[in-house]
Amino acid sequence: MYALWLVCGLSIAQAQQTPIRGRVTDENGAPLPGATITIKNTRISVTADAQGAFSIDPGNHAQPILVITSVGYGSIEVAATPGGTVPVVLQSVTKSLNDVVVVGYGSQRKRDVTGAISSVKSEDIAKRPITQAQGALQGTTPGVVVTQTSGQPGGNPFSVRIRGYNSITGGNDPLYVIDGFIGGNIESLSPEDIDDIEILKDASATAIYGSRASNGVVLITTKKGRPGKARVTFSTWFQNNQVPKELKLMNAYQFAKTVNLQDSMNGSGASFNQTYLDSLQLHPAGTDWQRSLQRKPWVQNYQVGVSGATDQVNYLFSLSYLDQPGLILNQWYKRTTFRSNVGVKVNKKLDLQFNVYGEIPQSHNNSYPGDLLDPFAQAFQWDPISPIKDAGGNWIPSAPYASIQYNPIAQATNQAVDGNSVSVAATGILTWHILKSLTFTSNNTYSLGYNYNQSVFGPNTGNGFIGTDYAQVYSARGRSYQNSNFLTWHQVFGGHSLTVTALYEQANGLSMSTTSKSTNLSTYALGYYNLGLGATQTTSSTYSADALQSYMGRINYAFKDRYMLDATLRDDGSSHLVKKYSLFPSFGAAWNISREAFMQGSVFSDLKIRGGYGVTGNQAVPAYATIPQINVGGIENASAYFYDGTTPTRYTPLGGPVSTNLQWEDDAQADAGLDAGFLHGRLNFTADAYHKKITHLLYQLQAPYYNSGQTYAVNLGSMMNEGLEFGLGGTPVKTRDFSWNGFFTISFNRNKLLNLGGLDNVAVNGIGSPETGLSLLKVGNPMGEFYGYKFLGTWKTTEAQQAAAYGNKPGDSHYQDVNNDGKIDANDLVPIGNGLPKYSFGFSNTLTYKDFDLYFMLQGTHGNQIYSETIAYTWGGVGDQRNPTTVDALNMWTSTNQTNNPTFSKTSSNYINSSRWVYDGSYIKLRNISLTYHIPQSVTGRWKMSSLEVYVSGQNLFCITKFPGYDPEVQNVTGPSTGTAFTAGLENGIIPVPKSYTFGLRAAF
């Protein structure tokens, strides 16, 4: 009996494993990789490989029916026989306007959308080894400018701007909505978990999010399980990073000769005698501080997931890990993320969705702000004469030449700034199909966050050298809750389609923090673990809570798929403001011309014109901004009150004034667009023109000194953005073995400050520690203006008489006398450049030949300038830099070589706020190039794998630019103005975006 059972079992197993093989192609015979083949009425499913080939086990079905689908093609059903071969040909269908897009609180066919919306799909994200989700938007979306502002590991190095800057001091980042959670933390997302991204750009699309939508909205939907058997995926990549470019600096011999020249021109004795110069000439290299600080680290990324679906349940579980060392010594970032998405169809009336995700990042010294005190900035300021350590192996703390700051290698090696945090968010979505045409949805998200950051600046750091050494611990936690409830009624009658949505939404949040600091510890052997060892301990804490309540109504109407109208009205109430509630309306219309009878047989497979208008808000008003506050003073800020003459005590002075009528910024935007498809959807074109006027601009106004002298938030003035954006993409070439898919996008934006409430020519902010007033707010000009003296080069020998009138001589710096009053002073300060690009573009391509894919992307900006304090400091004579280190100093002005590089001179001025340091910031980068090989299914099938891909790629392999610094893309500032419009284009010692070489694999079982 046992033997008979075994034989029968083996026979059944053999029968079940007899596969059906086939190949899926289009009407031209070209393979359709990724096509889905499913045994009808079962969970058995596979995908076609790069050649369109598939092999599927029919199980115990004697006469299975195969259902074959592929995006952009009509699905078919084919009868098959176990062990047989099935050729499958799918017919292409017009697809671009039939795609379903998420629009917020629902979805629509793209054909029915009246607003400006762009999409990025998971297959596009997978083509690049990115560590942050924002990187998926770079160069792929019209109207969206994404720059990586720093090459430091982890954190949030991306600046995302949708249709320009919309605020002076308010936020300019878009609103991120993750699976319906408004304000979700995009940094917590693993790029591998993203299914698609929808970018809402115009007000008719974004007004449903009201007071938080003026900077655009990014809707992110994460992956869910697909029908079929359980699918296990694994992906990994390894990446070698390196600084893409080094500044050309002098070697030790060149530097010594230059210092001697400087001494001579300044009338002092030579610093280096001839004997020493001769010895340097034999061994001229000296200390290369740039290369001593840098390293070429290997980055590792791993992701594993399990997903699947039955008729009642779909599920996806994923776990990812990123290990990202930095480009300089003693710097790294590590991140673990996990996700669980489970959907349950309880019955015909009730659906449930449960999403839980978490992030556990850790970091070490990855928060350098970009300043002359940063080790990376000091590396190009330190002289090549000085060694890193003395003969006894001790750090050289300071040098007699070039920079007066601390040894950058010692600083990077011995400081510790450690970040540890945990964030978790859980979303529950209930969908109740009350009637066939009426649905109720309740989306509830609760999130928790915890940060614990520790830092120590002890001996062998700059703080320790000057006696301000300390250790500090910062602890913070917060939570937020969002409840969105909306009814959706959808009815089709005759040629009419009507959808009505009504929403009630509430959200609240709370955060608190504690900071403990200890100075001059008796020993730093314990680092930051025993703050009680300090001579002085101080503690501070914060608390903040807020709430938002909203109501929204939306109507979408369509007639015969030709004419579309929609209207939205949202009412937001915030605890931040005195006037709690504000209305945000919008409306849009579209005409699908291609559906008209007179368009039949035309070259257009799709043609739609659309337009809309709406008002959105920017609620970048901090909690309690309208409530007078009390400050706290004491010994930690050297302003204690000595009550008895000797003992310092706390005191609580009144804070500065507040605005009692503070309100949100309002962004009124009009948009007109066109969507067109050609060659049955193989080519698609989109164009948009927009005009935005932002009023009630948030501005930090300084109060008179008799009233505290502090700044406070007020509404004043207005600004404008207008622009054009275009996108052209599709598959222009497709044959049996070869296809070319490409997409080109270009966006133009013009910004202008229209009004500043009576203010004008306001010099604001600075970058680095000692500089101020580098940016200008000027009515009639765009944001991002640089402010300084116009550098005209050097005075030439033929201009000796003119130079003498200004107290100069040939070889000195020559600046423009704007008002012709015979002197160079503050009255000659003018706009000298602008950091906003005139246009940005991206061009991505995928070339497929049999089992190989070649993908590359070019991305860049044009028309923007960069103010580079990095270059200024390599010339010396500014700030804390005594001598030049740049090799260009070997080409200074002489009477026989009259260059525009000023010579050393006591009569010459070297202004830091000068157009001398302003450069063309335009660039074109090879953002990514990758070659992927799809292992044929005939091979992977033997390994019990459904797919396997291996690839090699490179990122930022070349950059075409006139900018002489490290990287034209990076920009940053210190202080509260980071990321605001008027700091665009300013840079000082920022770690550049690395050049990378990557290899990896993606496998599915």
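Each chain has its residues counted from 1, running along the sequence as written. Reporting of local features is limited, given that this is a predicted model, to residues whose pLDDT is at least 70; pairs of side-chain atoms are given and counted only at 80 or more, and all residues count toward the totals for whole chains, interfaces and linings. Side-chain descriptors were evaluated using all non-hydrogen atoms of the structure, hydrogens and water having been removed beforehand.

The protein chain carries the name TonB-linked SusC/RagA family outer membrane protein in an unreviewed UniProt entry, which gives Dinghuibacter silviterrae as its organism. UniProt positions are given in the numbering used here, feature names are shortened, and annotations may be inferred rather than shown by experiment. Here is the UniProt Subcellular location (unreviewed entry) comment for the protein chain, exactly as written: "Cell outer membrane". Per its UniProt entry, the protein chain bears the Sequence similarities (unreviewed entry) comment "Belongs to the TonB-dependent receptor family."

Attention now goes to the overall build of the protein chain. Put simply, DSSP marks the helices as runs of H or I at least four residues long and the strands as runs of E at least two long, and each gets a number from the N terminus on. The number of helices and strands found in the protein chain is 12 helices and 52 strands. For a compact globule the rule gives 2.2 Å times the number of residues to the power 0.38, and the radius of gyration it is set against comes from C-alpha atoms. The C-alpha radius of gyration computed for the protein chain amounts to 32 Å, which stays within 12% of the reference 30 Å derived for 1005 residues, consistent with globular compactness. Each principal axis of the C-alpha distribution contributes one length, and for the protein chain these read about 105 × 65 × 65 Å. Burial analysis of the protein chain (1005 residues in total) assigns 53% to the buried set. Residues count as neighbours in contact if any of their non-hydrogen atoms are within 4.5 Å of one another. Sequence separation of at least 24 residues holds for 69% of the intrachain contacts in the protein chain that already meet a minimum separation of 6. For the protein chain, the accessible surface area stands at approximately 42500 Å², while carbon and sulfur atoms represent 58% of it. Residues scored as positive are Lys and Arg, those scored as negative are Asp and Glu, and His as well as the terminal groups of each chain are ignored. We put the charge of a Lys on NZ, of an Arg on CZ, of an Asp on CG and of a Glu on CD. Considering the protein chain, the positive charge centre built from 71 side chains and the negative charge centre built from 70 side chains are found 7 Å apart. Throughout this description, buried means an accessible area under 20% of the type-specific maximum (1.4 Å probe, protein chains only), exposed means over 50%, and partly exposed covers the range between. All accessible areas in this document rest on Shrake-Rupley with a 1.4 Å probe, and a residue is counted as covered only by the protein chains that are shown.

Another point: the packing of aromatic side chains. Two rings from Phe, Tyr or Trp (for Trp, the six-membered ring) form a pair when their centres sit within 6.5 Å of each other. Planes less than 30 degrees apart are called stacked, planes more than 60 degrees apart edge-to-face, and all others tilted. Here the structure, examined in full by the defined rule, presents 32 aromatic pairs. With a centroid separation of 4.9 Å and 40° between ring planes, the pair formed by Phe 272 and Tyr 401 is classed as tilted. Placement of the pair is Phe 272 in the loop between helix 4 (252-265) and helix 5 (274-282) and Tyr 401 in the loop between helix 7 (375-379) and helix 8 (408-414), with a sequence separation of 129 residues. Between Tyr 504 and Tyr 551 the ring centres are 5.4 Å apart and the planes differ by 50°, which places this aromatic pair in the tilted class. Of this pair, Tyr 504 sits in strand 25 (residues 496-519) while Tyr 551 sits in strand 26 (residues 536-559); the two residues are 47 residues apart in sequence, bridging distant segments of the chain. The partly exposed category is assigned to Tyr 551, whose relative accessible area is 39%. Taken together, the aromatic side chains of Phe 238, Trp 298, Tyr 302 and Phe 999 make up a single cluster linked through ring pairs. The rule is short: NZ of Lys or CZ of Arg within 6 Å of the ring centre and within 35 degrees of the ring normal puts a charge over the ring. When the ring centre of Trp 395 is taken as origin, the NZ or CZ atom of Lys 389, which lies over that ring, is 4.5 Å away. Sitting over the ring of Tyr 923, Lys 925 keeps its end group 5.7 Å from the ring centre.

The subject of this paragraph is the confidence of the model for the protein chain. pLDDT is defined as a per-residue confidence score from the predictor, taking values between 0 and 100. The share of residues in the protein chain with pLDDT of 70 or more is 93%, and the mean pLDDT across the chain is 88. Per-element confidence in the protein chain ranges from a low mean pLDDT of 38 for helix 1 (residues 2-16) to a high of 97 for strand 42 (residues 813-815). Note that pLDDT drops below 50 for residues 1-16; the model gives that stretch five contacts with residues more than four away or on any other chain. Low confidence marks residues 973-978, where pLDDT is under 50. Its contacts with residues over four positions away, or in another chain, come to 15 contacts.

The buried fraction of strand 1 (residues 20-26) amounts to five of the seven residues, a majority that puts the element mostly inside the structure. Any two strands with at least two DSSP bridges between them are considered paired. The pairing of strand 1 with strand 4 (residues 53-56) spans four bridges and is classified as antiparallel. Residue Arg 21 lies in a different strand from strand 4, and its bridge partner there is Ser 55. With six bridges joining them, strand 1 and strand 7 (residues 85-90) adopt parallel strand pairing. Across the sheet, the residue bridging to Thr 25 is Val 89, located in strand 7.

All right, on to helix 4 then. What a helix is expected to span follows from its residue count: subtract one and scale by 1.5 Å. Relative to the 20 Å expected for 14 residues at 1.5 Å per residue, helix 4 spans 20 Å between its end C-alpha atoms, a close match to the ideal helical length. Definition of a polar contact: a pair of N or O atoms within 3.5 Å, with one able to donate and the other able to accept a hydrogen when the atoms are protein atoms, and with sequence-neighbouring residues admitted only if both atoms are side-chain atoms. Capping the start of helix 4, Asn 251 holds a side-chain oxygen 3.1 Å from the backbone nitrogen of Tyr 253, two or three residues further along. One or two residues past the end of helix 4 sits Gly 267, with phi positive at roughly 80°.

If you check the backbone angles, Asn 330 has positive phi at about 60° while not being a glycine. Relative to the helices and strands, Asn 330 resides in the loop between strand 19 (313-325) and strand 20 (332-345). Residues other than glycine seldom take positive phi values, yet Ala 402 does so here, at roughly 55°. With respect to the helices and strands, the residue Ala 402 is situated in the loop between helix 7 and helix 8. Relative accessible area serves as the criterion here: at 0%, Ala 402 is assigned to the buried category.

Read from one edge to the other, the open sheet built from three strands follows the order 4-1-7, with strand pairing classed as mixed. The open sheet has two edge strands, strand 4 and strand 7, and neither has a second partner. Adjacent strand axes in the sheet meet at a mean angle of 25° when their direction is disregarded. Under this scheme, a helix contributes an axis fitted over its contacting stretch, all axes are lines through C-alpha atoms, and angles between N-to-C directions fall in the 0 to 180 degree range.

So, on to the pattern of salt bridges. The salt bridge definition used is simple: a Lys or Arg side-chain nitrogen within 4 Å of an Asp or Glu carboxyl oxygen. Tallied over the full model, the rule gives 28 salt bridges. Here Glu 198 ties to Lys 121 by a salt bridge, and the two come within 3.5 Å at their closest N and O atoms. Separated by 77 residues along the polypeptide, Glu 198 in strand 15 (residues 194-200) and Lys 121 in strand 10 (residues 117-121) bring together distant segments of the chain. A relative accessible area of 1% means that Glu 198 is categorised as buried. Judged by its relative accessible area of 24%, Lys 121 falls in the partly exposed class. The shortest N-O distance in the salt bridge between Glu 969 and Lys 925 comes to 2.8 Å. Of this pair, Glu 969 sits in the loop between strand 50 (959-961) and strand 51 (986-987) while Lys 925 sits in strand 48 (residues 923-934), and the two are 44 residues apart along the sequence. For the pair shown, Glu 969 and Lys 925 are each scored as buried. Look at the salt bridges and you will find they share partners, linking Arg 163, Lys 201, Lys 608, Arg 610, Asp 671, Asp 675, Asp 688 and Glu 725 into a network.

The next subject is the domain arrangement of the protein chain. In this document the domain limits rely on a domain assignment from an automatic tool or a database. Domains assigned within the protein chain are domain 1 (20-89), domain 2 (96-225) and domain 3 (798-1004). Centre-to-centre, using C-alpha coordinates, domain 1 lies 34 Å away from domain 2.

The strand order across the open sheet formed by four strands is 38-39-40-43, and the pairing between neighbours is antiparallel. Of all strands in the sheet, those with a lone pairing partner are strand 38 (762-764) and strand 43 (830-834), marking the two edges. Across the sheet, the mean angle from the axis of one strand to that of its neighbour is 50°, orientation sign disregarded. Relative to strand 40 (residues 785-788), strand 39 (residues 775-777) runs antiparallel, the two sharing two bridges. Note on strand 40: the bridge partner recorded for Leu 776 is Glu 785.

Only buried residues count toward a nonpolar core. Its members are Ala, Val, Leu, Ile, Met, Phe, Trp, Tyr and Cys residues joined through side-chain atoms within 4.5 Å. If you look at the biggest cluster of nonpolar residues, it comprises 54 residues, and the most contacted ones within it are Phe 255, Phe 272, Leu 293, Ile 385, Tyr 867 and Trp 917. For this core, the element with the most residues is helix 4, which contributes five residues. Here Phe 255 is in contact with Met 250, Asp 383, Pro 384, Ile 385, Tyr 401, Ala 402, Asn 883, Pro 884 and Thr 885, once residues within four sequence places are set aside. Counting residues in hydrophobic clusters, the runner-up holds 23 residues, among them Leu 137, Phe 158, Ile 194 and Ile 220.

To continue, consider empty space enclosed by the protein. Whether a set of points on the 1 Å grid over the protein atoms alone is a cavity depends on a 1.4 Å probe fitting there but being unable to get out, while an open set qualifies as a pocket with protein on both sides within 12 Å along at least five of seven lines; lining residues are those with an atom within 4 Å of a point. Grid points are joined across faces, edges and corners, and a volume is the space filled by probe spheres set on the points. Evaluated as defined, the whole model comprises seven cavities of 30 Å³ or more. In this model, the largest cavity occupies a volume close to 380 Å³. In this structure, the largest cavity is lined by 27 residues; those nearest its centre are Pro 129, Ile 130, Thr 131, Gln 148 and Asn 956. Only strand 17 (228-242), strand 19 and strand 48 provide two or more residues apiece to the lining of the largest cavity.

Okay, the pairing of strand 11 (residues 144-148) next. Among the five residues in strand 11, four count as buried, and that is most of the element. In the sheet, strand 11 pairs with strand 12 (residues 158-162) via five bridges, with the strands oriented antiparallel. Its bridge partner lying in strand 12, Val 145 is registered against Arg 161.

Following both chains from N to C, one finds helix 4 and helix 5 inclined at 150°, their axes separated by 8 Å at the closest point. With respect to each other, helix 4 and helix 5 are oriented roughly antiparallel. Taken together, the residues of helix 5 that come into contact with helix 4 (itself represented by Ala 252, Tyr 253, Ala 256, Lys 257 and Asn 260) are Leu 277, Leu 280 and Gln 281. Residue polarity is assigned by list, with Asp, Glu, Lys and Arg as charged and Ala, Val, Leu, Ile, Met, Phe, Trp, Tyr, Cys and Pro as nonpolar; anything else, Gly included, falls into the polar class. Looking at side-chain class alone, the contact of helix 4 with helix 5 contains five nonpolar, two polar and one charged residues. Roughly parallel means an angle under 35 degrees; roughly antiparallel, over 145; roughly perpendicular, 65 to 115; everything else is oblique.

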